[in-house]
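Chain by chain, the residues run as shown.
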Amino acid sequence: MDKATLRRIDNVILQTLKHLTKVSDIESLHKSNLKDEIPNVKLLRSMLDGEFHFDRDRLRELFQSSNTFNERFLMEPISTDEHREQTLQAVSEIIQLQLVELKDMEKNPKKFLSWFESISMCDPSVSLKFAVQYNLWGGTILFLGTKKHHDQYLSDIGSGKLLGVFGLTELGHGSNVNGLETIATYDQLTQEFIINSPTWESQKYWPGNISKHGRMATIFARLIINGNDSSSSGGSVGGGIKKDMGIHAFVVPIRSGPTVNNKYGDLLPGVTVRDISLKNCYNGIDNGGLSFKNFRIPRENMLDRFSRVDVNGKYHSDFPSNRHFAMMMSVFFIGRLCLSLNSLSFMKAGLSISMGYALNRHQFSTTTKSKQEIPILVYSTTQLRLIPYIARSYALDSAHKVIADLLTNSAIPKEVIHSYSSGFKAITSWTSVESLQLAREVLGGQGFRLCNRVAMLLSHADLITTGEGDNTVLCQQVTKFLLGKYHSTIKSSEPSNFKGELSYINNLTSQPPIISSMSGNGGTADNSSLELGSIAFHQWLLEKRESILIKTLHSRLYGRMDDELIEPNTERWFSNWNQSLPLCKMITKANVDRLTQSFFLHKINQLASTFSADTNTISILKNLCRLDSLCQIQKDLGFFTNNGLLIGESKWIQIQDEITHLSRDISPHAHLLTEAFAIPNKFNPLQTSIE
């Protein structure tokens, strides 16, 4: 297949991954009777594990063999302190495998993401402990620090010797990070920063490693310098007008080294810590509150990749003040992708567990004459609870792998990666919660038992919908990115030549190509079952939805009302934006659905070109793609019918029938699809029994 026909993203991204422009070749790949053919589990597992499969297998072996990874908290009551210590020991044993280095987040993010998804299979507190230690605490040093910080801290952070805190979120400020109240005032006489938490709400709140294990912290605070002349020398902390330079990051010790009475060290004077007690999940993490009173740190402790204060108190920045904070935050997309993979891993585990139960649980018989009860997986209602989310898991897995491929390409704009990481984290975590709720219902009463893991996974997945950015706020970021691209194009000299993420709009037609070739009524078909099963038709629908939604929002915000252009950054503009926030969620979902289908098809094509003889596996992957796309279309059916994209009578029932039939045809092989997830036996109960 000509790969140029498979991809279509921006002039820059074009060289790496082009969006699918036609799918006729994939459509014709290996047509078969799915019910009669068995997919290759080894091939599926190879696709899911990816190129770092040896690393994944070593982690699975560790999980299965080490008692440290026994989830005691699901079997019996244990103290919070025991759970935290077991979590820390598990982290230590994973580090000892030496599979990744901290610098892999920057140098080899694809490997790091593969590793992080794998460690997400065990107690979720373990992966979150790593997210705190590596992604957040280590990530700030790596991405915001310079060589002096790297040399001093990275080795001990990577080995787990120096445990730390990511001090961004405050009790009073989470999403609005620019509103943080913690202050770092520069004292030129001593060349120190003085850290203070001026209010109760300004305490750093939630970060792990605060209440027990952390010895140091990256503290995000407002930098205050002498404001009489920010470029001049002279003056002390006590005199002159002070100038707020915005949010910056500082390395701040909070505990001493190990002492006789406390191996994690004692709190330093000027540092106050409190434990925030039990949560409904992640109790292996020592979350807490952290505040400071006149706590002094050396000038060198400012993380100065993008800005710095020199010995004379002069402030220097590589970026304008209105871009500095955004630039500082833009480097943390890797952590957001890690949590997105966290959600996906929980989803895979929950589906594997519920699939085992659905095969082993027998209820009722096909007729009153028969005494043979049948597995509940035979029932279409059970199939519809599980099979569409198995399809979604495969689609999202492929999408995350494609995004990982893009991370090391310096030609890909950071704003594109930020949009991807934000959108996929939001949609994947919401989808994970949906799937785990249905998996819990399939288990019935067994779903309430902690030892069966699904209820536990559900509560942990729920937290990710607000961790590393509230999903609704992330949707606004994705929408603003897409809206900006749309606005700049239509205001340009080539208003019909969309580029980048919106380049697919250039090739959109009023009618899907599939209709004219499949129907004999001149392009006014009523979307028969033949068309509803068409991958190309699904692609057209997903592209049309996103483009229409973006155009609708743009008209609201930038359109003319009373012959007067609405001025951005005004009360009137904000009012329109605020009323349009529900559209942001719709646009983000539409964007992620379109990309997911495109990326999934890209992976199927890669597999087909390498394993062309394995028709069974390619066929089932195509049907998983069809099923996933149809399910996303059905969820937004009102939009498609209201905009005339789906026409004809009984459209809802036709789509539901198609979804039901696909789920039925896939169901005989569903256990093989979840087997390919390769969840360790220790974390996959109910494979052979119902208890």
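One can find the structure itself at the top, above this paragraph.
Residues numbered from 1 in each chain as written. Predicted model: local features only at pLDDT ≥ 70, side-chain atom pairs only at ≥ 80, totals over all residues. Heavy atoms only, no water.

Q: What exactly am I supposed to notice about the overall build of the chain here?
A: Along the chain, the regular secondary structure elements total 23 helices and 15 strands. The long-range share in the chain, meaning contacts at least 24 apart out of those at least 6 apart in sequence, stands at 75%. Only carbon and sulfur atoms are counted for the fraction: they give 50% of the accessible area of the chain, which is about 27,800 Å². (Helix = DSSP H or I, 4+ residues; strand = E, 2+ residues; numbered from the N terminus. Contact = heavy atoms within 4.5 Å. Areas by Shrake-Rupley, 256 points an atom, 1.4 Å probe, with all protein chains shown as cover.)

Q: Sorry, what's going on with the environment of Trp540 here?
A: Counting through the fold element by element, Trp540 comes out in helix α17 (residues 535-558). Placed 105 residues apart in sequence, Trp540 and Leu645 show a C-alpha to C-alpha distance of 9.3 Å. Ignoring any residue separated from it by four or fewer positions in sequence, one finds Trp540 in contact with Leu508, Thr509, Ser510, Gln511, Pro512 and Leu645.

Q: What is the right way to look at helix α12 (residues 414-442) in this model?
A: Every α-helix winds through 3.6 residues per turn, so residues three or four apart in the chain are directed the same way. Helix length check: α12 (29 residues) gives 41 Å between terminal C-alpha atoms against 42 Å at 1.5 Å per residue, within 8%. Following α12 by one or two positions, Gly444 has its phi on the positive side, about 60 degrees. (Expected span 1.5 Å × (residues − 1).)

Q: Before we go on, may I ask you to explain the nonpolar core in this structure?
A: Inside soluble globular proteins, nonpolar side chains tend to come together where they are buried. Counting 171 residues, the largest nonpolar core has Ile94, Trp115, Phe130 and Tyr394 as the members making the most contacts within it. Those residues within four positions of Ile94 in sequence are excluded, and the remaining contacts are Leu59, Leu62, Phe63, Phe69, Trp115, Ile119, Val126 and Phe130. The next biggest cluster of nonpolar side chains, apart from the first, holds 23 residues, and it includes Ile210, Val252, Leu290 and Ile297. (Core = buried A, V, L, I, M, F, W, Y, C linked by side-chain atoms within 4.5 Å. Buried < 20%, exposed > 50% of the residue type's maximum accessible area, 1.4 Å probe, protein only.)

Q: Looking at this structure, I do not really get unusual backbone geometry. What am I missing?
A: In terms of backbone geometry, most residues other than glycine have negative phi values and most peptide bonds are trans. At Asn209, a position not held by glycine, the phi torsion is positive, near 75 degrees. As for its position among the elements, Asn209 is in the loop between β4 (204-205) and β5 (216-226). Backbone geometry at Asn294 places phi at a positive 50 degrees, although glycine is not the residue there. Along the chain, the position of Asn294 falls in the loop between β8 (288-292) and β9 (295-298).

Q: How should the packing of α17 against helix α20 (residues 615-635) be read in this particular structure?
A: Helix packing for two helices is described by the angle between their axes and how far apart those axes are. Contact geometry for α17 and α20: axes closest at 10 Å, N-to-C directions at 35 degrees. Once α17 is placed against α20, the crossing between them reads as left-handed. On α20, the residues touching Ile535, His538, Leu541, Leu542 and Arg545 of α17 are Lys622, Arg626, Ser629, Leu630, Gln632 and Ile633. Among the residues making up the contact of α17 with α20, the classes are represented as five nonpolar, three polar and three charged. (Axes fitted to C-alpha atoms, helices over the stretch in contact; angles between N-to-C directions. Left-handed = near helix turned anticlockwise from the far one by under 90°. Nonpolar A, V, L, I, M, F, W, Y, C, P; charged D, E, K, R; others polar.)

Q: Explain the pattern of salt bridges to me, please; I cannot follow it from the model alone.
A: Oppositely charged side chains can pair when the atoms bearing their charge come close. Tallying each qualifying case throughout the model produces 38 salt bridges. Of the charged contacts, one joins Glu71 and Arg453 as a salt bridge, the two residues approaching to 2.8 Å between their closest N and O atoms. With Glu71 in the loop between α3 (53-65) and α4 (80-96) and Arg453 in the loop between α12 and α13 (454-464), this residue pair connects regions lying 382 residues apart in the sequence. In this structure, Asp405 and Lys110 form a salt bridge, with 2.6 Å as the shortest nitrogen-oxygen distance. Taken together, the positions of Asp405 in helix α11 (residues 380-406) and Lys110 in helix α6 (residues 109-119) put the pair 295 residues apart, joining distant regions of the chain. When its relative accessible area of 28% is taken as the criterion, Asp405 is described as partly exposed. One salt-bridge network, held together by shared partners, links Arg392, Arg545, Lys589, Asp593, Asp628 and Asp636. (Salt bridge = Lys/Arg side-chain N within 4 Å of Asp/Glu carboxyl O.)

Q: For this particular structure, what's the right way to read the sheet that holds β4?
A: Sheets are built from strands paired through backbone hydrogen bonds, the pairs being either parallel or antiparallel. A sheet is described by the order of its strands in space; here three strands give the open sequence β4-β8-β7, paired in antiparallel fashion. Of all the strands in the sheet, just β4 and β7 (271-275) have a single pairing partner and so form its edges. Here β7 runs beside β8; their pairing, made up of five bridges, is antiparallel. Each bridged residue has a counterpart across the sheet, and for Arg274 the counterpart in β8 is Gly289. (Pairing = 2+ DSSP bridges.)

Q: Just checking my understanding: could you explain the packing of aromatic side chains for this structure?
A: Aromatic ring pairs: the centre-centre distance and the angle between the two ring planes describe each pair. Evaluated as defined, the whole model comprises 23 aromatic pairs. Between Phe63 and Phe69, the aromatic rings sit 5.0 Å apart at their centres with planes inclined by 55 degrees, giving tilted as the arrangement. Phe69 sits in the buried class, given a relative accessible area of 3%. Judged by centre distance (5.0 Å) and plane angle (80 degrees), the rings of Trp115 and Phe130 are edge-to-face. Of this pair, Trp115 sits in helix α6 while Phe130 sits in helix α7 (residues 124-144); the two residues are 15 residues apart in sequence, bridging distant segments of the chain. There is no split in this pair, since Trp115 and Phe130 are both buried. These aromatic residues form a ring-pair network of at least three members: Phe112, Trp115, Phe116, Phe130 and Tyr134. Seen from the ring of Phe448, Arg440 lies directly overhead, with NZ or CZ sitting 4.2 Å from the centre. (Phe/Tyr/Trp six-rings, centres within 6.5 Å; stacked < 30°, edge-to-face > 60°. Lys NZ or Arg CZ within 6 Å of the ring centre and 35° of its normal.)

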